[in-house]
Amino acid sequence: MKDIMFNYHSPYFVQYSVKTFHSTWLGKGCFLTLFGLLIYLISYIIGWGEYSESLIGIPAQYCELGSDGLFREPMNSISNFAYIGVGLLLLWEADQQPEYGPNPFSRKSLISPLYGISAVFLGLGSLAMHGTQTQIGGFLDWGGMMLWMTVFVGYSVGRVLRWDESTTIRNIIIFTITYLVIDFFRREELAPDWGEMEGLGFLRHFVWNSLIGIWLMIEADLFLSRKEIRHEFRMLAVFLLPVIALIVLDAPKLRYLVLQIILFLVCSMILTGTKNHPISRPLTPWLPLGVTSFILGLLIWNIGQAEQSGCNPESLLQLHAGWHLFTAFTFYAFHRHLKGEISLDLD
């Protein structure tokens, strides 16, 4: 079956790009990986600066003892190849897709390879952070995380709002670039001081949690909209899910929680205002497996930081490396979940 919403309504350049790049995505992913590793090697030869060198022999933020070798945090760096491996696997799958399918993740498209490329970027960015312990490395790590989350959530937003593929990709790119430019040039003195989230550190926290919350609401409403349930109860359930998840997993301060609640309330009203969504996502094991893997990764991320109970700086078994492995699996599981999506707006 052809996906009407993400095929015939797409501008010519999208269709041209799909035909042009089909069967070459894996090669592009390999090139991106090798190019990134080459830049990393050059930076190692040039040197990472005094601050990075000052961390040699002491535990880093994510526990592992600083090394004077190719990677400041060896295990926390090497484990990022899990993201890269998943990304290359998804790009290989994109090359094998048929011309037509029930959704953009099961046929030739641009959004599916973009998801795979975001995994490669995430792996290279996180490698740059843990490997170099530099400010630019930290920014690249956060940039990779934001690209993945924006592609993942932005795709779902585009589907429920009936955007065509070019509009979805354009909005994902505009949002990601705009946010990262603001993040890169942020001025801490212009932002409110909220204790542990002082300065514009709270902005990262807010945007990340908001994206996760919006995705949770979309998945919940796609499920509930197929049930015989009163609109008020449906909206309440969609609204409460991200709020409860935020309180349990993040335990935010009251002022921050109020901001998130306002956002989630507005989004739940907009989302549940649509009686029939244009897509359906059958519940398969991939969704709960991906969510469980992410939560487990988040738990060990917390206890694996420096001075926490799970921190052993000299051990080869670094818990933060486990976070990378768990979330790499989440990356793949969510892709499989999206691949099972069914388009309902068909003529």
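Further up the page is the structure itself.
What you see is a predicted model; the values in this text were computed from it and never measured.

Colleague: Could you clarify how one ought to interpret the overall build of the chain in this entry?
Modeller: Across its full length, the chain holds 13 helices and 2 strands. Taken across its 347 residues, the chain has 51% of its residues classed as buried. A sequence separation of at least 24 residues applies to 76% of the contacts in the chain between residues at least 6 apart. Per element, the accessible surface of the chain, about 17,000 Å² overall, is 69% carbon and sulfur.

Colleague: Can you walk me through the pattern of salt bridges in this structure?
Modeller: Any two side chains of opposite charge can pair if their charged atoms end up close together. Throughout the structure, instances matching the rule amount to 7 salt bridges. Across the pair Lys339 and Glu93 runs a salt bridge whose closest N-O atoms are separated by 3.6 Å. Taken together, the residues Lys339 in helix α13 (residues 319-339) and Glu93 in helix α5 (residues 81-96) connect sequence positions 246 residues apart. Note on Lys339: relative accessible area 24%, which makes it partly exposed.

Colleague: Help me understand a nonpolar patch on the surface in this model?
Modeller: Residues Leu236, Leu240, Ile244, Ile247, Val248, Leu249, Ile295, Leu296, Leu299 and Phe326 make up a contiguous nonpolar surface patch of roughly 830 Å² in combined accessible area. When residues in the nonpolar patch are grouped by element, the largest group, 6 residues, is from helix α10 (residues 231-250). Within the secondary structure, Leu296 sits in helix α12 (residues 286-303). Judged by its relative accessible area of 40%, Leu296 is partly exposed.

Colleague: Looking at this structure, I do not really get the state of the cysteines. What am I missing?
Modeller: Two cysteines joined by a covalent bond between their sulfur atoms form a disulfide. Here the structure, examined in full by the defined rule, presents 1 disulfide. Here Cys63 is linked by a disulfide to Cys311, with a sulfur-sulfur distance of 2.1 Å. Looking along the S-S bond of the Cys63-Cys311 disulfide, the torsion reads about 95°, which is the right-handed sense. Here Cys311 lies in the loop between α12 and α13 and Cys63 lies in the loop between α3 (49-54) and α4 (74-78), a separation of 248 residues in the sequence. A relative accessible area of 0% places Cys63 in the buried class.

Colleague: What am I meant to see in the packing of helix α2 (residues 25-46) against helix α6 (residues 111-132) here?
Modeller: Working note: a packed helix pair is described by the angle between its axes plus the distance between those axes. As a packed pair, α2 and α6 sit with axes 11 Å apart at the nearest point and diverge in direction by 15°. Viewed along their axes, α2 and α6 adopt a mutual orientation that is roughly parallel. The handedness of the crossing between α2 and α6 comes out as right-handed. Contacts between α2 and α6 pair Trp25, Gly29, Leu32, Thr33, Gly36, Leu37 and Tyr40 from the former with Pro113, Ile117, Val120, Phe121, Leu124, Leu127, Ala128, Gly131 and Thr132 from the latter.

Colleague: What is the right way to read the side chain of Glu165 from this model?
Modeller: Its place among the elements puts Glu165 in helix α8 (residues 165-184). Buried within the structure, Glu165 lacks any salt-bridge partner; its nearest side chain of opposite charge belongs to Arg107, at an N-O separation of 4.4 Å. One polar contact links the side chain of Glu165 to the main-chain amide nitrogen of Leu110, over a distance of 2.7 Å.

Colleague: Where do I start with the packing of aromatic side chains in this structure?
Modeller: What describes a pair of aromatic rings is the distance from one ring centre to the other and the angle between the planes of the rings. Inspection of every chain in the model, using the stated rule, returns 20 aromatic pairs. Ring geometry for Phe105 versus Tyr155: centroids 4.8 Å apart, planes at 75°, classification edge-to-face. Of this pair, Phe105 sits in the loop between α5 and α6 while Tyr155 sits in helix α7 (residues 135-160); the two residues are 50 residues apart in sequence, bridging distant segments of the chain. Classification of Tyr155 by relative accessible area gives buried; the value is 0%. Centroid distance Tyr115 to Phe331: 4.6 Å. Interplanar angle 55°. Geometry classified as tilted. In this pair, Tyr115 is assigned in helix α6 and Phe331 in helix α13, connecting sequence segments 216 residues apart. Like Tyr115, the residue Phe331 is buried in the burial classification. Each residue in the set Phe105, Tyr115, Trp148, Phe152, Tyr155, Trp215, Phe331 and Phe334 is aromatic and connected to the rest through ring pairs, giving one cluster.

Cut-off values and rules
Residue numbers run consecutively from 1 along every chain, following the written order of its sequence. Note on the predicted model: pLDDT of at least 70 is required for a residue's local features to be given, and 80 or more for side-chain atom pairs to be given and counted; whole-chain, interface and lining totals, by contrast, use all residues. Excluding hydrogens and water, the side-chain values take into account all heavy atoms of the structure. Secondary structure elements are taken from DSSP: a helix is a run of H or I of four residues or more, a strand is a run of E of two residues or more, and numbering for both begins at the N terminus. Note on exposure labels: buried denotes an accessible area under 20% of the residue type's maximum, exposed denotes more than 50%, and partly exposed covers the range between, all computed with a 1.4 Å probe on protein chains only. Only heavy atoms matter for contacts: two residues are in contact if any of them lie within 4.5 Å across the pair. Each accessible area is a Shrake-Rupley estimate made with a 1.4 Å probe; only the visible protein chains count as cover when residues are assessed. The rule for a salt bridge is simple: a side-chain nitrogen of Lys or Arg has to be within 4 Å of a carboxyl oxygen of Asp or Glu. Surface patches are drawn from residues lacking salt bridges whose relative accessible area is over 30%; two like charges belong together within 9 Å, two nonpolar side chains (Val, Leu, Ile, Met, Phe, Trp, Tyr) within 5 Å. The rule for a disulfide is simple: a pair of cysteine sulfur atoms within 2.5 Å. In this analysis, axes come from line fits to C-alpha atoms, helices being fitted only over the stretch in contact, and the angle between any two N-to-C directions falls in the range 0 to 180 degrees. Note that the term roughly parallel is reserved for angles under 35 degrees, roughly antiparallel for angles over 145, roughly perpendicular for angles of 65 to 115, and oblique for everything else. Each crossing is labelled by how the near helix is turned from the far one, with a counterclockwise turn of less than a right angle marking it left-handed and a clockwise turn marking it right-handed. Charge convention: Lys and Arg are scored as positive, Asp and Glu as negative, and His as well as the terminal groups of each chain are ignored. We call two N or O atoms a polar contact when they sit within 3.5 Å, provided that within protein one can donate a hydrogen and the other can accept it, with sequence-adjacent residues counted only if both atoms are side-chain atoms. Aromatic pairs are defined between Phe, Tyr and Trp rings, using the six-membered ring for Trp, whenever the two ring centres lie within 6.5 Å; interplanar angles under 30 degrees are classed as stacked, those over 60 as edge-to-face, and all others as tilted.

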